[in-house]
Each structure stands twice: as C-alpha cells, then as structure tokens.
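A structural walkthrough
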Amino acid sequence: MKKTSLYILSGLATDERIFSNIHFPQSIEAHHIAWKIPSRKETFAAYIDRLVKEIDQSKPIILLGLSFGGVVAQEIAKKINPLCTIIISSIISHKELPWYFRQLGNVKVNRVVPYGILKFPNRGLDWIFGANSREDKNLLAGIIKDANVTLLKWSIEQILSWKNNAETKNLFRIHGDNDKLLPLKNNKADVIIKGGGHLMIYNKAEEVELVISSVLSRLSTSQADNFKD
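Notes on the structure follow. No experiment lies behind these values; they were computed from the predicted model shown. (Residues numbered from 1 in each chain as written. Predicted model: local features only at pLDDT ≥ 70, side-chain atom pairs only at ≥ 80, totals over all residues. Heavy atoms only, no water.)

What follows deals with the overall build of the protein chain. Scanning the protein chain from terminus to terminus reveals eight helices and six strands. Reading the secondary structure of the protein chain in the N-to-C direction produces β-β-α-β-α-β-α-α-α-α-β-β-α-α. Counting contacts in the protein chain only where the partners sit at least 6 residues apart, residues at least 24 apart contribute 66% of the total. A total of about 11600 Å² of accessible surface is found on the protein chain, and carbon and sulfur atoms cover 53% of it. (Helix = DSSP H or I, 4+ residues; strand = E, 2+ residues; numbered from the N terminus. Contact = heavy atoms within 4.5 Å. Areas by Shrake-Rupley, 256 points an atom, 1.4 Å probe, with all protein chains shown as cover.)

Time to look at the pattern of salt bridges. One pass over the full model with this rule turns up nine salt bridges. Residues R50 and E42 are paired through a salt bridge, measuring 3.0 Å at the closest nitrogen-oxygen approach. On the basis of relative accessible area, R50 is assigned to the partly exposed category, the value being 32%. You can call E42 buried: its relative accessible area is 12%. E96 is the partner of R173 in a salt bridge, and the nearest nitrogen-oxygen pair spans 2.8 Å. You can see R173 sitting in strand 5 (residues 171–176) and its partner E96 sitting in the loop between strand 4 (84–88) and helix 3 (99–107), a full 77 residues away along the chain. You can call E96 buried: its relative accessible area is 8%. (Salt bridge = Lys/Arg side-chain N within 4 Å of Asp/Glu carboxyl O. Buried < 20%, exposed > 50% of the residue type's maximum accessible area, 1.4 Å probe, protein only.)

With that settled, consider the side chain of N187. Assignment of secondary structure puts N187 in the loop between strand 5 and strand 6 (191–193). Those residues in contact with N187 that sit more than four places away from it in its chain are S90, E96, R173 and H175.

This part is about the pairing of strand 3 (residues 61–66). Most of strand 3 is tucked away: six of the six residues are buried. Side-chain alternation along strand 3 places I61, L63 and G65 on one buried face and I62, L64 and L66 on a second face that is also buried. With five bridges joining them, strand 1 (residues 4–9) and strand 3 adopt parallel strand pairing. What sits directly across from I8, in strand 3, is L64. Relative to strand 4, strand 3 is paired through five bridges, and the arrangement is parallel. When the sheet's bridge partners are listed, G65 is paired in strand 4 with I87. Tracing the backbone out of strand 3, into helix 2 (residues 68–80) and back to the parallel element strand 4 gives a crossover that is right-handed. (Pairing = 2+ DSSP bridges. Right-handed = clockwise from strand over helix to strand, strands pointing away.)

Let's shift gears to the environment of H23. Along the polypeptide, H23 turns up in the loop between strand 1 and strand 2 (28–32). Excluding residues that lie within four positions of it along the chain, H23 makes contacts with E209 and S213.

For the rest of this paragraph, the subject is the pairing of strand 1. For strand 1, a buried count of six out of six residues is recorded, marking the element as mostly surrounded by other parts of the structure. For strand 1 and strand 2, the ladder comprises five bridges, and the chain directions are parallel. Note on strand 2: the bridge partner recorded for Y7 is H31.

Further remarks concern helix 6 (residues 149–161). End to end, helix 6 covers 18 Å across 13 residues, agreeing with the expected 18 Å (1.5 Å per residue, within 8%). Looking at helix 6, one finds that the buried residues are L151, L152, W154, S155, I156, E157, Q158, I159 and L160. Two or three places before T150, at the start of helix 6, stands the capping residue N148, its side-chain oxygen 2.9 Å from that residue's backbone nitrogen. (Expected span 1.5 Å × (residues − 1). Polar contact = N/O pair within 3.5 Å; in protein donor to acceptor, adjacent residues only side chain to side chain.)

Moving on to helix 5 (residues 134–146). Between its terminal C-alpha atoms helix 5 stretches 18 Å, which fits the 18 Å expected from 13 residues at 1.5 Å a residue. Buried residues in helix 5 make contact with helix 4 (123–129) and helix 7 (200–203).

Let us now look at the packing of aromatic side chains. Within the structure shown, the criterion is met by four aromatic pairs. Consider the rings of F44 and W154, whose centres lie 6.0 Å apart with planes at 65°: the pair is edge-to-face. With F44 in helix 1 (residues 44–52) and W154 in helix 6, this residue pair connects regions lying 110 residues apart in the sequence. In this structure, F44 and W154 share a single accessibility class: buried. Consider the rings of Y47 and W154, whose centres lie 4.5 Å apart with planes at 45°: the pair is tilted. Linking Y47 in helix 1 with W154 in helix 6, this pair joins segments that are 107 residues apart in sequence. Residue Y47 is classed as buried on the basis of its relative accessible area of 1%. Taken together, W35, F44, Y47, F68 and W154 form an aromatic cluster joined through their ring pairs. (Phe/Tyr/Trp six-rings, centres within 6.5 Å; stacked < 30°, edge-to-face > 60°.)

As structure tokens, then:
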C-alpha cells in the first residue's frame, strides 16, 4: 500500500509556521505547498494550475487548506479528485463571507487599500485573528512581517471575488465558534472547536490535531487500500 500524501496549504500569505504545533499520523506523507508570487495579471485559474503541477498524483491524495488555503484546496480538488479535502477556518462560497467583505469586494475597495499598513502588527489584527498570548502575537507578527505585499494584495483580491458554485466532493470542515474573521454563523462545519478563533490551528492545536488525525487515519486505512498501484 502506498502512503497517503497530504498536501497542505497555509492561510493567506502565511507559511508552514502556522502548522508548527500540528503533528500528523505516521501513515501520512505531509507536504507543504508554498505560496508563489503571482505573475503580472495572472488569473486565479492559472495560479491553481501552477500549484497542481507540484502534486504527485500517482499516490492517494488528501488536501488540507487553512483559511484562504481552504479556498485554493477546493479549486485544486476540482482538478485532481483527492480522497478528501479538509478545510479549516475557511469558506465554501463567497456567500459565507461576512456582508462587509462582500461589499468591499463588490466596490473593489480592496484595490486601493494601502496594504503596507497590514505589515505592521497591531491590537486590531491580534483581536481579529484571536492572538491572545504573547506566543500567539509573536507568531502572528513574524508571519505578517515576512508576508509578501504583492501576494497579500493578490490573494485578498481572489478571496473577495471568488465565486464557487460547485460542491466539493468528500469535503470535511473544521471551524471555531469564536472566529471573528470568518464567523461560524455564516457556514456549516462538520466539527466546531469551542473557543476557537482564526488562529486556532496554532493556539488550539491539540484539539484541532485530534480531529485531523481522526479523519486522516480513517481515510488512509479505509480508502488508500483501494488505490491501485
């Protein structure tokens, strides 16, 4: 039996540090897909095609996407037919965005926002991401500092303009009931993490890991056996 490959997509303009407190079962081969800087006028579809090329489709595949990474994972799933797509703190359509985000997208306000100001940590960002401890705030500050402004601006444009009308097969959703960025009331999760904010993948990692590991273990043993060499 081939090991199941898990391809992981972090949140908007973040990297694999956000998953540093998560440990995956030994039956899983984990791969982090790093964000690429979009080329000039690159479409979302073209960007997805670039990421798909990094996936070895000769093995059973599970996709795991966090926040904006969940949106990207769903688009990738349309092209490669994974065993399962797990999304955390994410959405399945623009209708699940808070109304004020949808309005910003409709009037294209995001195109004139000075994104450089988002490069500096502040109490507002700490609050909306649910960064409560000093450790949380230091992690968030480091990720923000290292984020590429071009990638950040492009990614926000994609999530605000994303129109998804296709249901993702074998989708599993994990969400926190205290997510201020993407409130739980706007979507239906399979598992709800009590007290979980948008940063729960890091500061409630033990609880999130239990859910992920349960899903991965079940899939890797029951479905990967049917994947032919």
